[in-house]
There are 2 protein chains.
Amino acid sequence: MSVDFYFDFSSPYAYLAAMKMDDIAMWHGREVTWRPILLGPIMERTGAGTVFDKPLKGIYLKRDVARTARLFGLPEVRYPEPFPFAALAACRAFYWLEAKDPNMAVSLAQRLFREAYGEGRPIASGEDVAKVAERMYVDSHELLAAIETPAIKARLKAEVDKALQAGVVGVPFVIAEGEPFWGADKLEQISRWLDTGGW
Amino acid sequence: MSVDFYFDFSSPYAYLAAMKMDDIAMWHGREVTWRPILLGPIMERTGAGTVFDKPLKGIYLKRDVARTARLFGLPEVRYPEPFPFAALAACRAFYWLEAKDPNMAVSLAQRLFREAYGEGRPIASGEDVAKVAERMYVDSHELLAAIETPAIKARLKAEVDKALQAGVVGVPFVIAEGEPFWGADKLEQISRWLDTGGW
C-alpha cells in the first residue's frame, strides 16, 4: 500500500503537490515515501526541456501555479532568486537527514518548499538549506560537511537512477500502488485511485 | 460568457477534452467555440517539442490517455496510422464547413476525433477527412476542392496566429471567460470556474 512521491525542489508544481501530500496520506491511511530528485538528468533522458524559461509558456504556467495555489488554499506563490535553480544541496541534505530520521527529512522538505515558494527565499546553496534546517535544531556544520561527502553524492545519483527506472518522466510524479501519475493536476485522480483501487 | 476550445486533431488529449466539451457547455449553459489549430507553429514559438515520440514519456502518456479515457467513460483509445500526424486537411475542412454551418463543423470535428481515436483510422489526408464528412452528406468533391483554395489556407493560418495571440501554448487549451486552462486534466477546474465565476 505504497505511495511514492518524486519531486524536484525547483518545481513550483512539486511544491503545490507537496503541500497536499500529508492530506492524501491521511485521507487514505497511506504512508508517503518522499523522494527528492533532480529533474535535469531526467529531462536529458526523456528529451524534455525546461518550461518556465520559455516566454509564452512561462506566462501561462505562472498564472496556473498561482490559480492552483488559491484553489488549494495556499498563500500567494513567490519565487526564490535564482529561479529555476539546481536543488543539489537540498536533495543531499534530505537523504542525509532521512538516514537519521525519516520524519525529520520530510519536515525539512516541507520547510524548504515553504521557504522557496511561500517566502520567496533562496534554497539553492548549502548555506540556504542549512539555515532552514537550523530551525529544526539540525547542526549546520554537520549538514554542510555531510552534503559534500562522496557517499551522499552517490546516494542522490542512485535515487535519480531509481526514479528513471521507475518510469518517472517529470515532477511532481506519484506512483500510487504501482500506478504512475504525473503533474499537480493529478491529485484528485490519485485520491480517487487510492479510494477505489483503480478504474 | 464564452468558452473557446483550442485543439489539434493530432492530440489524444485534445480528443479526450473534445468528448467532454458538450457536457461542459450543457452543465453551465455556455456556448463552446471550437477552434482547431496546428500545434506545430505553436510549438515553434513556445519552444516545446512533440512528446509522444519521446521513448519514456510516450509510454507514460499513452498509459495516462488510456486511464483518463476509462475515467471519462470512453471506449478504449486507439491510435491512427500515421501518428502523430499533421491535421492540415481536417482543420481546413472544419473552417470551410463552419462558414456554411457552425453546428455541422463541430459535428465533423467530433466525428473525426472518434474516427481517429475511437476506431484507430487515419484522418490525416483530405480523402480521409472527406470520407468522414460524406457520412454527414457533405459533398466530398466540394470539400476536397475547398481545402486546397488559398482562402481556406489563409484562414487556418490566421486562426493559428489568433490562438498564439490569445496565449495558447499547447492543446487542449480552453479559455473560459477569459481564463486560460491548458490540458485535459483541467476539465474539472474549468467546470468549477464556470460554476463559481472563478476563485
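The structure reproduced in this document is the subject of the present report.

Procedures and definitions
Residues numbered from 1 in each chain as written. Chains lettered and ligands numbered in written order. Predicted model: local features only at pLDDT ≥ 70, side-chain atom pairs only at ≥ 80, totals over all residues. Heavy atoms only, no water. Contact = heavy atoms within 4.5 Å. Buried area = accessible area lost by both parts, 1.4 Å probe. Salt bridge = Lys/Arg side-chain N within 4 Å of Asp/Glu carboxyl O. Polar contact = N/O pair within 3.5 Å; in protein donor to acceptor, adjacent residues only side chain to side chain. Nonpolar A, V, L, I, M, F, W, Y, C, P; charged D, E, K, R; others polar. Least-squares fit on C-alpha atoms with pLDDT ≥ 70 in both. 1 Å grid on protein atoms, 1.4 Å probe; cavity = no way out; pocket = protein on both sides within 12 Å on 5 of 7 lines; lining within 4 Å. Points joined across faces, edges and corners; volume = space filled by probe spheres on them. Helix = DSSP H or I, 4+ residues; strand = E, 2+ residues; numbered from the N terminus. Phe/Tyr/Trp six-rings, centres within 6.5 Å; stacked < 30°, edge-to-face > 60°. Buried < 20%, exposed > 50% of the residue type's maximum accessible area, 1.4 Å probe, protein only. Lys NZ or Arg CZ within 6 Å of the ring centre and 35° of its normal. Pairing = 2+ DSSP bridges. Axes fitted to C-alpha atoms, helices over the stretch in contact; angles between N-to-C directions.

### Some thoughts on the interface of chain A and chain B
Then, in step 1: Taken together, the contact pairs 30 residues of chain A with 30 residues of chain B.
Then, in step 2: Buried area between chain A and chain B, summed over both chains or domains, comes out near 3,100 Å², and the portion from carbon and sulfur atoms is 55%.
Then, in step 3: Put simply, chain A and chain B have 10 salt bridges between them.
Then, in step 4: Applying the counting criterion to the chain A and chain B interface returns 18 residue pairs in polar contact (both at pLDDT 80 or more).
Then, in step 5: Its residues assigned to classes, the side of chain A that touches chain B comprises 13 nonpolar, 5 polar and 12 charged.

### Thoughts on the relation of the copies chain A and chain B
Two chain copies, one operation linking them: a rotation about an axis together with a shift along it.
Then, in step 1: For these two chains of identical sequence, chain A goes onto chain B by a turn of 180 degrees and a shift of 0.0 Å along the axis, with RMSD 0.0 Å. Such a turn and shift between the copies fits a two-fold axis. Closest approach to the rotation axis within chain A is made by the C-alpha atom of Asp-185 of chain A, at a distance of 3.0 Å.
Then, in step 2: Counting the interface residues of chain A, we find that 100% of their copies in chain B are interface residues as well, pointing to one common contact surface.

### Details of the layout of surface pockets
Then, in step 1: Within this model, the second largest pocket holds a volume of roughly 530 Å³.
Then, in step 2: Taken together, 25 residues make up the lining of the second largest pocket; nearest its centre are Asp-185 and Glu-188 of chain A together with Asp-185, Glu-188 and Gln-189 of chain B.
Then, in step 3: If you list the elements that add at least two residues to the lining of the second largest pocket, you get helix H1 (12-28), helix H3 (55-71) and helix H9 (187-196) of chain A together with helix H1 (12-28) and helix H9 (187-196) of chain B.

### Some remarks on the packing of aromatic side chains
Then, in step 1: For the coordinates displayed, the defined rule picks out 34 aromatic pairs over all chains.
Then, in step 2: Consider the rings of Phe-5 of chain A and Trp-34 of chain A, whose centres lie 5.1 Å apart with planes at 85 degrees: the pair is edge-to-face. Here Trp-34 of chain A lies in strand S2 (residues 31-36) and Phe-5 of chain A lies in strand S1 (residues 2-7), a separation of 29 residues in the sequence.
Then, in step 3: Residue classification places Trp-34 of chain A among the buried positions, given a relative accessible area of 3%.
Then, in step 4: Here the aromatic rings of Phe-181 of chain A and Trp-193 of chain A are separated by 5.8 Å at their centres, their planes lie at 70 degrees, and the arrangement is edge-to-face. With Phe-181 of chain A in strand S4 (residues 179-182) and Trp-193 of chain A in helix H9, this pair connects stretches of sequence that are 12 residues apart. Pair check on accessibility: Phe-181 of chain A and Trp-193 of chain A agree, each one buried.
Then, in step 5: In this structure an aromatic cluster arises from ring pairing among Phe-5, Phe-7, Phe-9, Tyr-15, Trp-34, Tyr-79, Phe-83, Phe-113 and Tyr-117 of chain A.
Then, in step 6: Positioned above the aromatic ring of Phe-181 of chain A, the side-chain terminus of Arg-67 of chain B is 3.8 Å from the ring centre.

### Notes on unusual backbone geometry
For residues besides glycine, phi is generally negative; the peptide bonds are generally trans as well.
Residues and elements named next belong to chain A.
Then, in step 1: Following Glu-81, the chain continues to Pro-82 via a peptide bond in cis, the omega torsion being 0 degrees.
Then, in step 2: Here Pro-82 lies in the loop between H3 and helix H4 (88-100).
Then, in step 3: We note that Tyr-137 has phi near 65 degrees; this positive angle belongs to a residue other than glycine.

### Regarding the sheet that holds S2 of chain A
Then, in step 1: One open sheet accounts for 4 strands, arranged S2-S1-S3-S4 (chain A); its pairing is mixed. The two strands at the open ends of the sheet, each matched to only one other strand, are S2 and S4 of chain A. Averaged over neighbouring strand pairs, the angle between their axes works out to 20 degrees when direction is ignored.
Then, in step 2: In this sheet, S2 of chain A lies alongside S1 of chain A in parallel orientation, the contact comprising 6 bridges. In the sheet register, Ser-2 of chain A faces S2 of chain A, and the bridge partner there is Glu-31 of chain A.
Then, in step 3: Helix H3 (residues 55-71) of chain B contacts strand S3 (173-176) and S4 of chain A of the sheet and is inclined by roughly 100 degrees relative to S4 of chain A.

### Here we look at the environment of Lys-54 of chain A
Then, in step 1: Counting through the fold element by element, Lys-54 of chain A comes out in the loop between helix H2 (39-46) and H3.
Then, in step 2: Residues Lys-54 of chain A and Glu-44 of chain A, spaced 10 residues apart in sequence, show a C-alpha to C-alpha distance of 17 Å.

### Quick word on the sheet that holds strand S4 (residues 179-182) of chain B
All names here are of chain B.
Then, in step 1: With mixed pairing, the 4 strands of this open sheet are ordered in space as S2-S1-S3-S4. Of all strands in the sheet, those bounded by a partner on one side alone are strand S2 (31-36) and S4. Adjacent strand axes in the sheet meet at a mean angle of 20 degrees, parallel and antiparallel pairs treated alike.
Then, in step 2: Bridge analysis of strand S3 (residues 173-176) against S4 gives 4 bridges, and the strand direction is antiparallel. Bridge pairing in S4 links Ile-175 to Pro-180.

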